[in-house]
Amino acid sequence: MSDSPDERSEAAADAADTVDAAEAADATDVDVEDVDHVAGLARVDLEAAEREAFPEQFAEILEYFETLDEVPEFDREAELVNVMRPDEVREGLTQSEALRNAAETEDGYFRGPRVS
Amino acid sequence: MADVNAFITEETIEGADDGPLAGTTVAVKDNISTAGVETTCGSRMLEGYVPPYDATVVTRLADAGATIVGKANMDEFGMGTTTETSHFGPTRNPVDPDRVPGGSSGGSAAAVAAGEADVALGTDTGGSVRCPAAFCGVVGIKPTYGLVSRYGLIAYANSLEQVGPIAGTVEEAAALLDVIAGPDPHDATTREAGADANYAAAADGDVEGMTVGVVPELFEGAHEGVVETVEAALSDLEAQGAETVEVSLPSVEHAVQAYYVIATSEASSNLARFDGVRYGHSAGHDGNWNETFAETRSEGFGEEVKRRILLGTYALSAGYHEKYYAKAQDARAWVRSDFDDAFADVDVIASPTMPVLPFELGEGIDDPMTMYLADANTTPVNLANLPAISVPAGTAEGLPVGLQLIGPKFGEETIVRAASAVEE
């Protein structure tokens with residue numbers, strides 16, 4: 001299973017909208033609008049019970065995350081090296097194998113929702 | 001014994017006619033891809049999903065002659081400490097059916113404890129092999145990051161997770177690790193280590209002259225019965241010729257926070273792939289792109305998965321990234337450095353695997369913070385990329401207690417050796 005770069009860059013662009021929210025609000029003060037905003041970024045609709053429970057739970061969890069402020073800065077990248085291999089053609093999935101789990105297909109392609 | 005709901009799918013996959021695991025039955029956690037056999041991750045999202053290829057560890061089981069007997073139940077996408085977040089109902093602890101088996105590899109540990117499989121594969125992102133091993137009274141190993149291929153493991157948090165063995169004895173767990181360890185061209189994070197492993201041979205119980213570091217921070221706040229049982233096991237190691245010394249790891253006080261920031265951040269990215277188009281549950285394609293995805297994901301994911309995706313999205317979003325994600329990476333580097341320093345003086349590091357006894361079913365599932373804090377002793381190991389084993393240390397109040405032994409990077413032989421002495 002591979003990530004779709006398009007989805008991720010779109011989410012990143014949307015996430016940039018939250019800068020103002022970060023500056024304006026105390027991070028441990030979470031209301032239902034904050035939860036709805038993040039749910040929108042993540043493309044996850046919430047059930048009513050989840051919308052009700054999440055603000056308080058998130059406030060408690062984020063307050064716990066705040067203790068990371070006590071952590072000193074560390075040099076973190078020292079031991080990383082790239083691992084490369086030659087870019088050679090290899091056997092992969094057949095078209096029918098790749099399409100087998102799709103909810104809808106058409107003429108050998110995935111069929112998805114309209115984009116606008 | 002009554003059905004403990006250890007399996008999501010019971011299906012036999014025969015391996016080669018002979019090999020080191022010929023005649024051995026294996027339960028495989030249901031986030032590990034099996035070609036032609038449904039692989040759900042314990043989620044409605046992947047109900048009915050049939051992988052077109054095998055995970056590398058499954059290929060290695062088959063080549064070694066093992067017989068896979070089913071796909072083991074698990075917390076949804078590995079997100080849980082009790083196996084109660086599974087879409088397919090909770091697994092029960094074979095030791096006490098009113099209690100949880102631990103998680104997230106609860107089905108794997110329960111299958112072994114109940115005798116429904118000889119050995120099992122689980123996956124460990126923040127303790128998910130060691131926790132259920134401890135709660136079910138069996139052995140579980142979280143290998144060094146990069147020892148075992150993750151190809152075909154459906155990702156939750158790539159930088160933290162490893163596939164690991166669960167078995168009734170240290171030697172059997174080590175023998176299963178021998179089969180799955182070693183480099184894989186399909187996973188660029190694997191290393192040469194483990195190519196010709198014989199970890200099973202290290203289960204010789206010889207701890208004469210071994211130095212065991214005991215971390216006070218990992219005993220603080222633990223259940224009294226857990227502490228007493230683990231201390232008794234350590235005294236027993238001393239009687240066999242090991243020396244125990246106290247080692248302080250101040251960074252571990254921040255491990256759970258760092259773990260949950262990093263794991264949820266990675267999860268929010270990894271689980272973005274589930275959109276109902278290429279595989280998995282689909283709510284239909286009636287609305288536009290964004291509405292359809294949000295509805296599909298609302299129906300397909302359970303509450304804990306949504307909670308973690310949202311927390312990770314929050315932690316990575318602009319304005320909060322430096323505050324949470326960057327600081328969590330600092331904490332991760334600090335934990336790694338603390339362990340490096342400690343291993344200059346000791347051979348292995350010991351702690352209770354879990355600071356608590358197995359929860360009763362339903363006891364903590366509605367309180368995410370309580371659940372997260374139960375991972376205090378296991379998450380530092382994943383942050384530091386180290387190997388660790390949970391071995392039964394005895395019982396408290398009639399319930400199993402696990403001793404965790406942590407080794408230096410690729411020090412699997414040392415933790416197997418130390419753990420085998422605990423069994424004697």
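Being a predicted model, the structure only gives us computed values, none of them experimental.

A. Fine view of the overall build of chain A. Per the secondary structure count, chain A includes five helices and two strands. For chain A, the succession of helices and strands along the chain, N to C, is α-α-α-α-α-β-β. Relative to its 116 residues, chain A shows a buried fraction of 26%. In chain A, once contacts between residues fewer than 6 apart in sequence are set aside, the share between residues at least 24 apart is 43%. Element-wise, carbon and sulfur atoms account for 46% of the exposed surface of chain A, whose accessible area totals about 8,200 Å².

B. Geometry of the interface of chain B and chain A. Between chain B and chain A, the contact holds 68 residues from the first and 60 residues from the second. Counting the surface lost from both chain B and chain A, the interface buries some 6,100 Å², and carbon and sulfur atoms represent 62% of this. The largest contributions to the chain B side of the interface with chain A come from Arg278, Trp289 and Leu310 of chain B, which together make up 11% of the buried area. Between chain B and chain A we count three salt bridges in total. Of the charged contacts in the structure, one is a salt bridge between Glu47 of chain A and Lys306 of chain B, with a shortest N-O distance of 4.0 Å. Looking at the side of chain B that touches chain A, the elements with two or more residues in it are α6 (255–270), α7 (289–300), α8 (303–316), α9 (322–342) and α10 (368–373) of chain B. Examining the composition of the side of chain B that touches chain A, we find that twelve residues originate from one element, α9 of chain B, more than from any other. Residues that form the side of chain B that touches chain A fall into these classes: 33 nonpolar, 20 polar and 15 charged.

C. The pattern of salt bridges, seen in detail. Per the stated rule, a full pass over the model turns up 17 salt bridges over all chains. A salt bridge links Lys306 of chain B to Glu50 of chain A; the shortest N-O distance between them is 3.0 Å. You can see Lys306 of chain B sitting in helix α8 and its partner Glu50 of chain A sitting in helix α4 (residues 48–65), one on each of two chains. By relative accessible area, Lys306 of chain B is classed as buried at 1%. A salt bridge links Lys71 of chain B to Asp30 of chain B; the nearest nitrogen and oxygen atoms lie 3.0 Å apart. Of this pair, Lys71 of chain B sits in strand β3 (residues 67–72) while Asp30 of chain B sits in the loop between β2 (25–29) and α1 (56–63), and the two are 41 residues apart along the sequence. Taken together, the shared-partner salt bridges connect Glu303, Glu304, Arg307 and Arg308 of chain B into one network.

D. Examining the side chain of Thr125 of chain B more closely. Residue and element names in this part refer to chain B. By the element assignment, Thr125 lies in the loop between β4 (119–124) and α3 (130–136). Overall, the relative accessible area of 3% leaves Thr125 in the buried class. In contact with Thr125, other than residues within four places in its own chain, are Tyr156, Ala157, Leu160, Glu161, Tyr259 and Asn382.

E. Here's a closer look at the sheet that holds strand β9 (residues 348–352) of chain B. All names here are of chain B. Spatial ordering of the open sheet is given by β1-β3-β2-β4-β6-β5-β10-β11-β9-β7-β8, a layout of eleven strands whose pairing is mixed. Each edge of the sheet is formed by a strand with only one pairing partner; in this case those strands are β1 (7–9) and β8 (243–246). Along the sheet, successive strands turn relative to each other by an average axial angle of 35°, direction set aside. Taken together, the four bridges between β9 and strand β11 (residues 399–406) define a ladder with antiparallel strand orientation. Bridge assignment links Ile349 to a residue of β11, and that residue is Ile406. Sheet strands touched by helix α12 (residues 412–423): β5 (139–142), β9, β10 (388–396) and β11. Its angle to β10, the strand with the most contacts, is close to 15°.

F. Structural context of the nonpolar core. Ranked by internal contacts, the top residues of the largest apolar core, which has 78 residues, are Phe77, Phe274, Leu310 and Phe339 of chain B. Listing elements by their share of this core, those giving two or more residues are α3 (32–41) and α4 of chain A together with α3, α6, α8, α9, α10 and α11 (379–383) of chain B. The element that contributes the greatest number of residues to this core is α6 of chain B, accounting for nine residues. What Phe77 of chain B contacts, discounting residues up to four positions off in sequence, is Cys41, Ser43, Met45, Leu46, Ile154, Tyr156, Leu271, Phe274, Phe301 and Val305 of chain B. One finds Ala64, Val163, Ala242 and Ile389 of chain B within the second-largest nonpolar core, a separate group that totals 61 residues.

G. Representation of the UniProt feature "domain: Amidase" (unreviewed entry) in chain B. Within this numbering scheme, the UniProt entry marks residues 13–415 of chain B as carrying the feature "domain: Amidase" (unreviewed entry). End C-alpha to end C-alpha, residues 13–415 of chain B measures 31 Å, and it is 32% helix and 14% strand.

H. Quick look at the pairing of β5 of chain B. All names here are of chain B. Here β5 shows a buried face lined by Val139 and Ile141 and a second buried face lined by Gly140 and Lys142. Sheet topology note: the β5/strand β6 (residues 162–167) ladder contains two bridges and is antiparallel. By the bridge assignment for β6, Gly140 is matched with Ile166.

Parameters at a glance
Residues numbered from 1 in each chain as written. Chains lettered and ligands numbered in written order. Predicted model: local features only at pLDDT ≥ 70, side-chain atom pairs only at ≥ 80, totals over all residues. Heavy atoms only, no water. Helix = DSSP H or I, 4+ residues; strand = E, 2+ residues; numbered from the N terminus. Buried < 20%, exposed > 50% of the residue type's maximum accessible area, 1.4 Å probe, protein only. Contact = heavy atoms within 4.5 Å. Areas by Shrake-Rupley, 256 points an atom, 1.4 Å probe, with all protein chains shown as cover. Buried area = accessible area lost by both parts, 1.4 Å probe. Salt bridge = Lys/Arg side-chain N within 4 Å of Asp/Glu carboxyl O. Nonpolar A, V, L, I, M, F, W, Y, C, P; charged D, E, K, R; others polar. Pairing = 2+ DSSP bridges. Axes fitted to C-alpha atoms, helices over the stretch in contact; angles between N-to-C directions. Core = buried A, V, L, I, M, F, W, Y, C linked by side-chain atoms within 4.5 Å. UniProt positions renumbered as here; feature names shortened; annotations may be inferred.

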